[in-house]
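One letter stands for each residue in the lines below.
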Amino acid sequence: MSTPGELIDALTAAVDAVPGVRPVPLLTGAAWLPKPLRGTAIELGPDLVEIRVVATELPLRPLANRVAAAVAPVLAETRWAHATVRLVVAELEAAALEDK
């Protein structure tokens, strides 16, 4: 990946492929947009990659492990290869709480 935008797109695609989660955009202020900004679910800091998701199933630990496994190869050849990956569960779907 040559740009942070390309990396964010690749990370978003990797998270999208993980069953039980989906990226959730971060909107600042009171703005409402008719189309979600999926890429804003991921922020790249100097030593941190923060990924915000909606959890659609429980338990959370296996979901976090699946997300970490999915993004590790994407980050491997980048300057964020050794960064901390922080998964933030911003929302939990009500259906995740139902007995199965």
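Heads up: these notes are all about the structure in this document. No experiment lies behind these values; they were computed from the predicted model shown.

**Remarks on the environment of Ala95**
- Inspection of the secondary structure puts Ala95 in the segment after β4 (84-92).
- Using a relative accessible area of 36% as the deciding quantity, one classes Ala95 as partly exposed.
- For the pair Ala95 and Ala55, spaced 40 residues apart in the sequence, the C-alpha separation amounts to 9.8 Å.

**Section: helix α1 (residues 4-16)**
- The end-to-end C-alpha separation of α1 is 18 Å, in line with the 18 Å expected for 13 residues at 1.5 Å each.
- For α1, every residue scored as buried is listed here: Leu7, Ile8, Leu11, Thr12, Ala14 and Val15. On an axial view of α1, the arc spanned by its buried residues comes to 160 degrees, and they lie on one face.
- Where α1 is buried, its residues touch β1 (21-23), β2 (42-44), β3 (48-55) and α2 (60-75).

**Focus: the pairing of β3**
- Judged by how many residues are buried, β3 sits mostly within the fold: seven of eight residues are covered.
- As paired elements, β1 and β3 share three bridges and run antiparallel to each other. From the neighbouring strand, Arg22 faces β3, where its bridge partner is Val54.
- Relative to β3, β2 is paired through three bridges, and the arrangement is antiparallel. Across the sheet, the residue bridging to Glu43 is Glu50, located in β3.
- Hairpin connection between β2 and β3: a loop of three residues separates the two successive antiparallel strands.
- Pairing of β3 with β4, which is carried by eight bridges, proceeds in the parallel orientation. Considered in β4, the bridge of Ala55 is made with Leu92.
- Since β3 and β4 lie parallel, the crossover through α2 that links them has a hand, and here it is right-handed.

**Regarding the packing of α1 against α2**
- With their axes 9 Å apart at the nearest point, α1 and α2 run at an angle of 150 degrees to one another. By the angle between their axes, α1 is roughly antiparallel relative to α2. Handedness of the α1/α2 crossing: right-handed. Across the interface between the two elements, Leu7, Ala10, Leu11, Ala14 and Val15 of α1 pack against Val67, Ala70, Val71, Val74 and Leu75 of α2.
- Of the residues belonging to the contact of α1 with α2, the class tally is 10 nonpolar, no polar and no charged.

Definitions and cut-offs
- Residues numbered from 1 in each chain as written.
- Predicted model: local features only at pLDDT ≥ 70, side-chain atom pairs only at ≥ 80, totals over all residues.
- Heavy atoms only, no water.
- Helix = DSSP H or I, 4+ residues; strand = E, 2+ residues; numbered from the N terminus.
- Buried < 20%, exposed > 50% of the residue type's maximum accessible area, 1.4 Å probe, protein only.
- Expected span 1.5 Å × (residues − 1).
- Arc of directions from axis to C-beta.
- Contact = heavy atoms within 4.5 Å.
- Pairing = 2+ DSSP bridges.
- Right-handed = clockwise from strand over helix to strand, strands pointing away.
- Axes fitted to C-alpha atoms, helices over the stretch in contact; angles between N-to-C directions.
- Parallel < 35°, antiparallel > 145°, perpendicular 65-115°, else oblique.
- Left-handed = near helix turned anticlockwise from the far one by under 90°.
- Nonpolar A, V, L, I, M, F, W, Y, C, P; charged D, E, K, R; others polar.

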